[in-house]
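Per-entry structural report
Chain by chain, the residues run as shown.
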Amino acid sequence: MDSYDVAVLDGDGIGPEVTGEALKVVEAAAKRFGFELNTTRYDLGAQHYLDTGVVIDDATVERLRSHRAILFGAMGDPRVRPGVLERGLILKLRREFAQPVNLRPVRLYPGVPTPIRDLTPQRCDLVIIRENTEGLYVGAGSTVHAGTPHAVALQESVNTVAAISQVVDYSFRLAQQRRGKLTLCHKTNILVHAGAMWQQVVDEVSRSYPAVELDYVHVDAMCQHLPMTPERFDVVVTDNLFGDIISDLGATIQGGLGVACSGNLNLDGTAPSMFEPVHGSAPDIAGRGWANPAAAVLSAALCLATLGQGQAALACEQAAAAVLAELPALAGPAMGASTTELGDRMADRVTNLEIPTTPSIMTAIAAV
Ligand code: IPM
Ligand code: MN
């Protein structure tokens, strides 16, 4: 029987609540599809930092490295200065574990309310692939004459052919498994150095994928097209900061943070990939059973997909979607069921539902 070692970093706030339900659902999938998940919980996050003064030590990073995948809940607490956990943990792991691809599906599931008028699930099924280790996120730059009227702040965007090539190649391979269209999103008219490099890599790699149709959209125009004509897009590839911004727009279109999932993918097998709901730790509703576990469940499904368990991943996705369709509200007391009850319902669906043959992001990822 296939067995996978998975690290669980459930974190703070609603992180442990939704991660617990996600585990319930993927365990049900493992049982049905005949594989094993061997999970190890790590005590990291705001509370660990407040207790020890250390975000994560090198020995823990190395222990984490030995796992096949990481399920990440949510981290953050008002008592911790903003940026400490973001840079010290999330960005650190994305870089340490060489995860150049940040994959963020934007799929409107049936019955999920969207703020976009007349949008239908058929018209909204795309994937944003964000470069995950470079760009403006490297923190390169300097400040001189700080605190004076002559202060100068330089913030540099780092772009390498090596990382862009990996991300772009993965994007083409994924597009090939889907509807066969790739859109580069950038600002090549203004960011002439980085933009030229991205465009050049895309053009070059595209020669190996003649069946994939290429498109280009400036990032500002993307903010119009994405909500108005999401059907134009299949796979969208973009840089780190643009991807951060447009994926929040994508999350809004698909019904909000209760359903937005993501995966940070390591492509060379040297370290684990890491899967996280896009939402944060929501300390204001922690402990009340008001959090929707769907985003965590869908993130865990992405994890199963990258492990090659496409049918199990599809079952988890379908189960989450079926339960979402029944909810009067996506979170809070109006949801009509607690976090745990929703997890139970999803796990039950995973065990019993008939698996459809319709294509899905889950089976596409498993086939890449
Ligand atoms: C995200 C988040 C992170 C990012 C933060 C928490 C560092 O906004 O995953 O999109 O900016 O990448
Ligand atoms: Mn973000």
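Above this text you will find the structure in question.
Read on for a plain summary of the structure. Fair warning: this is a prediction, and the values are worked out from it, not measured in the lab.

What follows concerns the overall build of the protein chain. Counting secondary structure elements, the protein chain contains 12 helices and 12 strands. The globule rule puts the C-alpha radius of gyration for 368 residues at 21 Å, and the 20 Å found for the protein chain is close to it. Across its three principal axes, the protein chain shows a C-alpha extent of roughly 60 × 50 × 45 Å. Residues counted as buried form 53% of the 368 residues belonging to the protein chain. In the protein chain, of all internal contacts separated by at least 6 residues, the share reaching a separation of at least 24 is 77%.

Between its first and last C-alpha atoms helix α11 (residues 339-352) spans 20 Å; for 14 residues at 1.5 Å apiece the expected length is 20 Å, and the two agree. For α11, the full list of buried residues reads T339, L342, G343, M346, A347 and V350. On an axial view of α11, the arc spanned by its buried residues comes to 135°, and they lie on one face. At its buried positions, α11 is contacted by α1 (15-33), α9 (294-306) and α10 (310-326).

On to the side chain of T133, then. Position of T133 among the secondary structure elements: in the loop between β5 (125-131) and β6 (135-144). Overall, T133 belongs to the buried group, its relative accessible area being 15%. When residues no more than four places from it in sequence are discounted, the contact partners of T133 are R94, R95, Q99, P100, V138 and N240.

On to the pattern of salt bridges, then. Taken as a whole, this structure holds 20 salt bridges when the rule is applied. Close ionic contact of D43 with R41 constitutes a salt bridge, the shortest N to O distance being 3.9 Å. Assessed through its relative accessible area of 49%, D43 is described here as partly exposed. Across the pair R232 and D215 runs a salt bridge whose closest N-O atoms are separated by 3.1 Å. With a gap of 17 residues between them, R232 in the loop between α7 (219-228) and β10 (235-238) and D215 in strand β9 (residues 213-218) connect regions that are remote in the sequence.

Our focus in this paragraph is the environment of A162. With respect to the helices and strands, A162 occurs in helix α5 (residues 161-177). For the pair A162 and A291, spaced 129 residues apart in sequence, the C-alpha to C-alpha distance is 39 Å.

Before going further, it helps to examine the side chain of S360. As for its position among the elements, S360 is in the loop between α11 and α12 (361-367). Apart from residues lying up to four places away in sequence, S360 is in contact with R107, L314 and E317.

Before going further, it helps to spend a moment on the nonpolar core. L103, I129, V168, L174 and L304 are the most contacted members of the largest nonpolar core, which totals 94 residues. Among the elements that make up this core, the one with the highest residue count is α9 (10 residues). Residues in contact with L304, not counting those within four places in the same chain, are V26, A29, F35, L37, Q309, A312, A313 and C316. Counting residues in each nonpolar core, the second largest holds 21 residues, with L44, I56, V80 and L85 among its members.

Our next topic: the layout of surface pockets. Taken as a whole, the largest pocket holds about 590 Å³ of empty space. Together, 26 residues line the largest pocket, and E86, I90, E276, V278 and G280 are the ones closest to its centre. Where the lining of the largest pocket is concerned, the elements lending two or more residues are β3 (69-74), α4 (84-96), α8 (240-253) and β12 (273-277). It is α4 that provides the largest number of residues to the lining of the largest pocket, a total of 5 residues. As a volume, the second largest pocket reaches approximately 370 Å³.

As used here, a disulfide is simply a covalent bond connecting the sulfur atoms of two cysteines. Inspection of every chain in the model, using the stated rule, returns 0 disulfides. Lacking any disulfide linkage, C303 is separated from the closest cysteine sulfur, that of C316, by 10 Å.

Counted by the stated rule, this structure contains 4 cavities of 30 Å³ or more. By volume, the largest cavity amounts to about 50 Å³. In this structure, the largest cavity is lined by T19, A22, L71, F72, G73, F275, P277, A296, S299 and A300. Elements represented by at least two residues in the lining of the largest cavity include exactly α1, β3, β12 and α9. When its residues are assigned to classes, the lining of the largest cavity shows 7 nonpolar, 3 polar and no charged. Empty space within the second largest cavity amounts to approximately 40 Å³. Looking at the lining of the second largest cavity, the elements with two or more residues in it are β4 (101-107) and α12. Residues that form the lining of the second largest cavity fall into these classes: 7 nonpolar, 1 polar and 2 charged.

Here we come to a nonpolar patch on the surface. A surface patch of nonpolar side chains, about 220 Å² in accessible area, is lined by V144, V152 and L154. Relative to the helices and strands, L154 resides in strand β7 (residues 152-158). Among the residues examined, L154 registers a relative accessible area of 46% and is labelled partly exposed.

Cut-off values and rules
- Residues numbered from 1 in each chain as written.
- Chains lettered and ligands numbered in written order.
- Predicted model: local features only at pLDDT ≥ 70, side-chain atom pairs only at ≥ 80, totals over all residues.
- Heavy atoms only, no water.
- Helix = DSSP H or I, 4+ residues; strand = E, 2+ residues; numbered from the N terminus.
- Rg over C-alpha atoms; globule rule 2.2 N^0.38 Å.
- Buried < 20%, exposed > 50% of the residue type's maximum accessible area, 1.4 Å probe, protein only.
- Contact = heavy atoms within 4.5 Å.
- Expected span 1.5 Å × (residues − 1).
- Arc of directions from axis to C-beta.
- Salt bridge = Lys/Arg side-chain N within 4 Å of Asp/Glu carboxyl O.
- Core = buried A, V, L, I, M, F, W, Y, C linked by side-chain atoms within 4.5 Å.
- 1 Å grid on protein atoms, 1.4 Å probe; cavity = no way out; pocket = protein on both sides within 12 Å on 5 of 7 lines; lining within 4 Å.
- Points joined across faces, edges and corners; volume = space filled by probe spheres on them.
- Disulfide = S-S within 2.5 Å.
- Nonpolar A, V, L, I, M, F, W, Y, C, P; charged D, E, K, R; others polar.
- Patch = residues over 30% accessible without salt bridge, like charges linked within 9 Å, V, L, I, M, F, W, Y side chains within 5 Å.
- Areas by Shrake-Rupley, 256 points an atom, 1.4 Å probe, with all protein chains shown as cover.

All quantities given are derived from atomic positions and should not be read as evidence of function.
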